[in-house]
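# Working through the structure, step by step
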Amino acid sequence: MTEPEATSTSPSQQTRGLRTGLDRDPAKQSVVPPIHMSTNYTFRGLDGRGEFDYSRSGNPTRALLAEALATLEGGADAVVTASGMAAVTLVVNTFVPAGGRVVAPHDCYGGSWRQLQWLADKGALSVDFVDLTDPEQARRALQSPASLVLLESPSNPLLRLTDIASVSAWAHEAGAVVAVDNTFCSPALQRPLELGADVVLHSTTKFINGHSDVVGGAVIAASAAHAEELAGWANCLGLTGGALDSYLTLRGLRTLDARVRVHWENTQQILDLLREHPAVTAVHHPSLPTHPGHALARRQQPGGFGSLLSFELAGGIDAVRRFCDGLQLLLLAESLGGIESLVCHPASMTHASMPPHVQQAAGITQGLLRMSVGIEGGDDLVADVRAALDRAAQ
Ligand SMILES: *Cc1c(COP(=O)(O)O)cnc(C)c1O
């Protein structure tokens, strides 16, 4: 990273992160950095290797996105990957030796669950899926040695909170590297490295890019040594992200904080509606004082409670159908964190591969819907959701 360290008079971490690479082009003095699509770079003679040689190993556009993410998360450096799942692959390959033990949340992202389970099935590693939101269970699981502990907070789709600082401390006692999947919060809300995690990973597909038009990922490391190890493995395994994707993601990232503020304004309006509407029997969001993770979220997410929520409709699957058919503005789709508001039905969409009894244990009922609140006009969203709820209640 070439940015100077922040002092009391220099711009904040947030401002430096969002402005990464601006006005740094000596050739043309462009305000926005150019995109470098070249796969390769010339040597000025046999001893004249420049900063870059081949774009899988290193690319100037990808390096700027990595720098921005490292600044925002407060890490030493970052590796930009081709997807969020490539980021998970990178973390597992870097930190888990053959036969090593991984501890992961029982309700972690489905793709992460599948990757760890498939690797365990073929004998590459062992994995324990644990309810890490429960301190007792987390502590017990971390009384035996582990290579890697993967955390996700808040969880999907019920927004359960895990105490990142406590679990990280227990994981370190167990000899593990702690990786936090910070996709749901983004560094605008939560910075796990400040809570004791060793690395943060992202599906930049979600809030970081924010425009639902790039699939990408990243791993940010607190220490330079971990960052170097990750960069080596990313190059070795061929997991690094492309230049155009990096360019677009850096462009999206520049509005992260502004987007997150509007996401939150709209989320509050939607929560007010859901809490008073008779078609709704339960609302799950960490901002609600009734939410079991409310106090922890206040401490752990200094940037706010986030714009993902879930709620339960009284009439089960039939009410869900009427609700979804009644929506005009919100889209029925998987994914999250884009400018557009989305609804998804976890039982039949994101969590469909879970057997019914596993869904039940995770609290995923037929009447449950998850919403990613976008940045459209708040009143328009409320009108759309109100009309669909009225239909659901019929
Ligand atoms: C989407 C997502 C991933 C996977 O990211 P891709 O970019 O789809 O590969 C991992 N973790 C979480 C929490 C996600 O939401």
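Residues numbered from 1 in each chain as written. Predicted model: local features only at pLDDT ≥ 70, side-chain atom pairs only at ≥ 80, totals over all residues. Heavy atoms only, no water.

## Side note on the site of the ligand
Around the ligand sit 13 residues in total, of which Met 85, Asp 181, Ser 203, Thr 205 and Lys 206 are the nearest. A distance of 2.7 Å separates a nitrogen atom of the ligand from a polar atom in the side chain of Asp 181. In the complex, the protein chains occlude 91% of the 380 Å² of accessible area that the ligand would expose alone. Of the residues belonging to the shell around the ligand, the class tally is 4 nonpolar, 6 polar and 3 charged. (Near = heavy atom within 4 Å. Polar contact = N/O pair within 3.5 Å; in protein donor to acceptor, adjacent residues only side chain to side chain. Areas by Shrake-Rupley, 256 points an atom, 1.4 Å probe, with all protein chains shown as cover. Nonpolar A, V, L, I, M, F, W, Y, C, P; charged D, E, K, R; others polar.)

## Re the packing of helix 3 (residues 84–95) against helix 7 (residues 224–237)
Closest axis-to-axis distance for the helix 3/helix 7 pair is 9 Å, and the angle between their directions is 110°. Classed by the angle they form, the pair helix 3 and helix 7 counts as roughly perpendicular. The crossing of helix 3 and helix 7 is right-handed. Of the residues in helix 7, those touching helix 3 at Leu 90, Asn 93, Thr 94 and Phe 95 are His 226, Glu 229, Leu 230, Trp 233, Ala 234 and Leu 237. (Axes fitted to C-alpha atoms, helices over the stretch in contact; angles between N-to-C directions. Helix = DSSP H or I, 4+ residues; strand = E, 2+ residues; numbered from the N terminus. Parallel < 35°, antiparallel > 145°, perpendicular 65-115°, else oblique. Left-handed = near helix turned anticlockwise from the far one by under 90°. Contact = heavy atoms within 4.5 Å.)

## Quick notes on helix 9 (residues 256–276)
Taking 1.5 Å of rise per residue, 21 residues should cover 30 Å, and helix 9 covers 31 Å from first to last C-alpha, within 8% of that figure. Within helix 9, burial applies to Leu 256, Asp 257, Arg 259, Val 260, His 263, Asn 266, Thr 267, Ile 270, Leu 271, Leu 273 and Leu 274. Residues of helix 9 that are buried sit in contact with helix 1 (13–18), helix 8 (243–253), strand 8 (280–284), strand 9 (308–313), strand 12 (368–372) and helix 13 (378–393). (Expected span 1.5 Å × (residues − 1). Buried < 20%, exposed > 50% of the residue type's maximum accessible area, 1.4 Å probe, protein only.)

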